[in-house]
Amino acid sequence: SLGNEKLWNKVQAYIDSHYDLDKVKRIYVSGDAASWIKGGAKQLSKALFCADKYHLMKYVNTAAAQMGKDEKENYKNELWHLLNSKKKRAKQCFDEFTTEMLTTAKNPEKVEDLRIYAVGNWAAVRRMLRNKKVNGCSAESHVSHVLSDRLSSRPMGWSQIGADRMSKLRCYERNYGREKIIELVRYSRELHYGYKIGTDDYAIQEINLRDVTAEHYNQARSYIERIQATIPGYTARKTASIRTQLHLL
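Just so you know, these numbers come straight off a predicted model, no measurement behind them.

Student: Would you mind going over the overall build of the protein chain with me for this structure?
Tutor: Scanning the protein chain from terminus to terminus reveals 12 helices and two strands. Counting from the amino terminus, helix and strand elements in the protein chain follow one another as α-β-α-β-α-α-α-α-α-α-α-α-α-α. By residue count, 24% of the 249 residues in the protein chain fall in the buried class. Entry remark: accessible area of the protein chain is about 19400 Å², with carbon and sulfur atoms responsible for 53%.

The structure is reproduced here in structure tokens:
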């Protein structure tokens, strides 16, 4: 999509401005195999997609848990063994093993999720497990502990501007510490004060409270008079009736 292309163009521009691409041999894009992440690996120069270890571990643990409490660890060990296997038929063996798990799993869908993820992204999974230069991806922990903890872990409502500012503030705190937050607040106040310097030359005038009250009263009376309305015929009959009652008394 155009939005995804725009995002990765910004990433490419950042890389170009901060690194010497002539000396960069490879860029690794790590994630959960979503199409927008794979799109980044295709769009960025010298980029390769690597599966995210966090999601792979999540899929393996969840699938193994479907085989019963007593067999959980055995299945988990076998799954990791097949994922790391150096045999040529490793992918086929993993596919066959997970397909067999489906027949006895408590929730076959969880095992199928693992099979689709691993087999469908086999090269990316193997690249992540066997390439020592790929140490994993910290995006999930960043999102969970830095952003979601303040923005979405509990029911909250944010405007687009508010969410943008809060996410930047959370990142600023993680990068520079809470002490720097105080300096940031001071700087913001000084900047805000600077915008008001143009009014500093005006002298402070003393105002009498009675004058303020009278002014508000006059404004209110004028407003009330403007919104009043009458119904002539009904008002005349009502007034006559009241006068008659007064004479009788």
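Student: Looking at this model, I keep getting lost on helix H4 (residues 72-84). Mind explaining?
Tutor: The end-to-end C-alpha separation of H4 is 19 Å, in line with the 18 Å expected for 13 residues at 1.5 Å each. Buried residues along H4 sit against helix H3 (53-65), helix H5 (90-101), helix H6 (108-120) and helix H7 (122-130).

Student: So what exactly am I meant to see when it comes to unusual backbone geometry here?
Tutor: Generally, phi is negative for residues other than glycine and the peptide bonds are trans, each holding for most cases. Phi at Ala33 is positive, roughly 75 degrees, even though this residue is not glycine. Examined against the element boundaries, Ala33 turns out to sit in the loop between strand E1 (27-31) and helix H2 (35-43). The exposure class of Ala33 is buried, given its relative accessible area of 17%. Phi is positive for Lys46, close to 60 degrees, though the residue is something other than glycine. Within the secondary structure layout, Lys46 lies in the loop between H2 and strand E2 (47-51).

Student: I keep staring at helix H8 (residues 139-151) and nothing clicks. Help me out?
Tutor: Compared with an ideal rise of 1.5 Å per residue, which puts 13 residues at 18 Å, H8 spans 16 Å between its outermost C-alpha atoms and falls more than 12% short. In H8, a bend of some 25 degrees at His145 exceeds every other bend along the element. Restricting attention to buried positions, one finds in H8 the residues Val146, Ser148 and Leu151. Residues of H8 that are buried in the fold lie against helix H9 (160-176).

Student: What's the story with the pattern of salt bridges in this structure? I'm lost.
Tutor: A complete count under the given rule lists six salt bridges for this structure. A salt bridge links Glu112 to Arg115; the shortest N-O distance between them is 2.8 Å. Of the two residues, Glu112 and Arg115 are both situated in helix H6; the distance of three residues between them amounts to about one turn of the helix. Under the relative-accessibility criterion, Glu112 is labelled partly exposed at 22%.

Student: How should I be thinking about the packing of H3 against H4 in this particular structure?
Tutor: In helix packing, the relevant descriptors are the interaxial angle and the interaxial distance, both defined with respect to the helix axes. In contact at an axis separation of 8 Å, H3 and H4 are set at 140 degrees when each is read in the N-to-C sense. Judged by the angle between their axes, H3 and H4 are oblique. As for how H3 packs across H4, the hand of that crossing is right-handed. Of H4, the residues touching H3 (which contributes Leu56, Met57, Val60, Asn61, Ala64 and Ala65) are Lys72, Tyr75, Lys76, Leu79, Trp80 and Leu83. In the contact of H3 with H4, the residues fall into nine nonpolar, one polar and two charged.

Student: Would you mind going over the packing of aromatic side chains with me for this structure?
Tutor: Describing an aromatic ring pair means giving the distance of the ring centres and the angle of the ring planes. This structure, assessed with the given rule, holds five aromatic pairs. Note on Phe94 and Trp122: the rings are 5.7 Å apart at their centroids and 50 degrees apart in plane angle, and the pair reads as tilted. Taken together, the residues Phe94 in helix H5 and Trp122 in helix H7 connect sequence positions 28 residues apart. Note on accessibility: Phe94 and Trp122 belong to one class, buried.

Conventions we followed
- Residues numbered from 1 in each chain as written.
- Predicted model: local features only at pLDDT ≥ 70, side-chain atom pairs only at ≥ 80, totals over all residues.
- Heavy atoms only, no water.
- Helix = DSSP H or I, 4+ residues; strand = E, 2+ residues; numbered from the N terminus.
- Buried < 20%, exposed > 50% of the residue type's maximum accessible area, 1.4 Å probe, protein only.
- Areas by Shrake-Rupley, 256 points an atom, 1.4 Å probe, with all protein chains shown as cover.
- Expected span 1.5 Å × (residues − 1).
- Contact = heavy atoms within 4.5 Å.
- Bend = angle between axes of the 7 residues up to and from the residue.
- Salt bridge = Lys/Arg side-chain N within 4 Å of Asp/Glu carboxyl O.
- Axes fitted to C-alpha atoms, helices over the stretch in contact; angles between N-to-C directions.
- Parallel < 35°, antiparallel > 145°, perpendicular 65-115°, else oblique.
- Left-handed = near helix turned anticlockwise from the far one by under 90°.
- Nonpolar A, V, L, I, M, F, W, Y, C, P; charged D, E, K, R; others polar.
- Phe/Tyr/Trp six-rings, centres within 6.5 Å; stacked < 30°, edge-to-face > 60°.

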